[in-house]
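# Report on the structure
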Amino acid sequence: MKGADLAELTLLAALWGASFLFLRLGAHEFGPIALAAVRVGLASVVLLPLLAWRRELGQLRQHWGALLLVGLLNSAAPFALFSFAALSITAGLSSILNATTPLWTAIVAFAWLGQGLSRDRVLGLLIGFGGVAFLAWDQASFKAGADHRGLWAVAACLGATCCYGLAANATRRYLAQASPLAVATGSQLAATLLLAGPALWLWPTQPPGTLAWGSAAGLALLCTALAYILYFRLMSRVGPTNAVTVTFLIPLFALLWGGLFLGEGVSLRMLAGGLVILLGIALALGRLGRSR
């Protein structure tokens with residue numbers, strides 16, 4: 001992986017780390033389905049003119065079936081599931097569970113596409129996930145009174161990451177010839193169509209406030225429109241298993257944004273956990289040792 005790819009990977013982690021804070025701020029007022037719909041709808045509004053300017057609108061028609069599948073697996077379903085989880089568990093726990101995405105992606109790639117798993121890659125994935133768990137173990141407690149709702153929220157997060165793993169490999173198999181911008185735009189437009197009906201049915205009776213709308217806008221513009229352009233561009237250059245290792249860095253940034261904007265402290269435990277995560281990513285991406 002080149003230096004430019006690593007820089008984009010880090011920027012993507014910073015954007016998606018902020019998404020868990022935005023989810024916590026917006027999910028209670030919008031509800032899971034409505035928030036997910038607003039997120040993908042606003043992202044589509046931003047991305048469609050860019051795609052038209054690049055004269056790539058024809059790719060939406062050319063790849064509509066695959067884009068519908070990726071829109072379901074990479075946006076509509078996981079966005080709604082993580083929004084549901086945000087009602088009952090902390091952002092820290094959601095981000096930790098999100099870090100299982102590379103494991104799902106590697107397993108799906110092995111079972112579906114026949115992609116081999118070297119010992120270095122397996123070790124790197126395990127170390128990275130272990131670092132994530134160590135980093136935020138004391139931040140990952142359930143909210144008081146969550147009870148069975150917390151268990152459903154954990155299941156929702158794991159379901160979302162499984163969807164991400166399937167989507168990453170589906171993108172590689174069916175959309176390798178599509179441009180990153182076309183994949184980003186088409187998947188968000190497809191997700192908007194899939195969520196529009198349920199969102200109208202479940203729209204909140206009380207109008208969401210300014211903070212909730214600001215959170216939804218942040219999710220749409222930064223964590224979806226911009227982030228998905230980076231993500232699909234990375235996937236086309238370094239492959240799905242490498243691209244989704246971004247999830248190891250996301251909890252680190254989620255805690256960093258909490259410290260900067262919510263007054264949460266940064267401890268030596270966080271710094272140590274971050275170093276372990278970086279070691280795991282380096283191994284998983286082949287930056288240390290040799291693949292066997």
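Residues numbered from 1 in each chain as written. Predicted model: local features only at pLDDT ≥ 70, side-chain atom pairs only at ≥ 80, totals over all residues. Heavy atoms only, no water.

### Some remarks on unusual backbone geometry
Located in the positive-phi region is Arg55, a residue other than glycine, with phi close to 60°. Structurally, the position occupied by Arg55 is in the loop between helix 2 (32–53) and helix 3 (58–62). In this structure Arg55 comes out as exposed when scored by relative accessible area, which is 79%. (Helix = DSSP H or I, 4+ residues; strand = E, 2+ residues; numbered from the N terminus. Buried < 20%, exposed > 50% of the residue type's maximum accessible area, 1.4 Å probe, protein only.)

### What to know about the packing of helix 2 against helix 4 (residues 64–85)
In contact at an axis separation of 8 Å, helix 2 and helix 4 are set at 135° when each is read in the N-to-C sense. For the element pair helix 2 / helix 4, the angle class is oblique. Seen along the crossing, helix 2 lies across helix 4 with a hand that is right-handed. Across the interface between the two elements, Pro32, Ile33, Leu35, Ala36, Arg39 and Val40 of helix 2 pack against Ser75, Phe79, Ala80, Ser83 and Phe84 of helix 4. Of the residues belonging to the contact of helix 2 with helix 4, the class tally is eight nonpolar, two polar and one charged. (Axes fitted to C-alpha atoms, helices over the stretch in contact; angles between N-to-C directions. Parallel < 35°, antiparallel > 145°, perpendicular 65-115°, else oblique. Left-handed = near helix turned anticlockwise from the far one by under 90°. Contact = heavy atoms within 4.5 Å. Nonpolar A, V, L, I, M, F, W, Y, C, P; charged D, E, K, R; others polar.)

### Considering the pattern of salt bridges
Summed over the entire model, instances satisfying the criterion amount to four salt bridges. Asp5 is the partner of Arg237 in a salt bridge, and the nearest nitrogen-oxygen pair spans 2.8 Å. Separated by 232 residues along the polypeptide, Arg237 in helix 10 (residues 210–238) and Asp5 in helix 1 (residues 3–30) bring together distant segments of the chain. Asp5 sits in the buried class, given a relative accessible area of 7%. Note that Arg233 is salt-bridged to Glu8, the shortest N-O span being 2.6 Å. With a gap of 225 residues between them, Arg233 in helix 10 and Glu8 in helix 1 connect regions that are remote in the sequence. Residue class for Glu8 comes out buried when judged on its relative accessible area of 14%. A single salt-bridge network, built from bridges that share partners, covers Asp5, Glu8, Arg233 and Arg237. (Salt bridge = Lys/Arg side-chain N within 4 Å of Asp/Glu carboxyl O.)

### Description of the nonpolar core
In this structure, Leu12, Trp16 and Tyr231 are the most contacted members of the largest nonpolar core, which totals 77 residues. Looking at this core, the element that brings in the most residues is helix 10, giving 13 residues. (Core = buried A, V, L, I, M, F, W, Y, C linked by side-chain atoms within 4.5 Å.)

### Here we look at the state of the cysteines
The full count for this structure, using the stated rule, is zero disulfides. Here Cys162 stays free of any disulfide, with the sulfur of Cys163 as its closest cysteine sulfur at 6.1 Å. (Disulfide = S-S within 2.5 Å.)

### Focus on the packing of aromatic side chains
Enumeration over the complete set of coordinates arrives at 13 aromatic pairs. Residues Trp203 and Trp213 carry aromatic rings whose centres are separated by 6.4 Å and whose planes lie at 45° to one another, so their mutual orientation is tilted. Of this pair, Trp203 sits in the loop between helix 9 (180–201) and helix 10 while Trp213 sits in helix 10; the two residues are ten residues apart in sequence, bridging distant segments of the chain. For Trp203, a relative accessible area of 34% translates into the label partly exposed. Through successive ring pairs, a cluster of aromatic residues spans Trp16, Phe79, Tyr228, Tyr231 and Phe232. One residue, Arg39, lies across the ring of Phe79, its end atom 3.6 Å from the ring centre. (Phe/Tyr/Trp six-rings, centres within 6.5 Å; stacked < 30°, edge-to-face > 60°. Lys NZ or Arg CZ within 6 Å of the ring centre and 35° of its normal.)

### Remarks on helix 9
With 22 residues, helix 9 extends 32 Å between its outermost C-alpha atoms, agreeing within 8% with the 32 Å of an ideal straight helix rising 1.5 Å per residue. Considering bend angle alone, the principal kink of helix 9 is centred on Leu195 and spans about 40°; proline Pro198 follows within four residues of it. (Expected span 1.5 Å × (residues − 1). Bend = angle between axes of the 7 residues up to and from the residue.)

### Some words on the side chain of Thr171
Relative to the helices and strands, Thr171 resides in helix 8 (residues 148–174). Using a relative accessible area of 7% as the deciding quantity, one classes Thr171 as buried. Setting aside residues up to four positions removed in sequence, Thr171 forms contacts with Val70, Ala176, Val183, Phe232 and Met235.

### Some remarks on the confidence of the model for the protein chain
Mean pLDDT over the protein chain works out to 85, with 87% of the residues at or above the 70 mark. Long-range and interchain partners of residues 142–146, a stretch whose pLDDT sits below 50, account for eleven contacts in this model, where long-range means more than four residues apart. (pLDDT = per-residue confidence, 0-100.)

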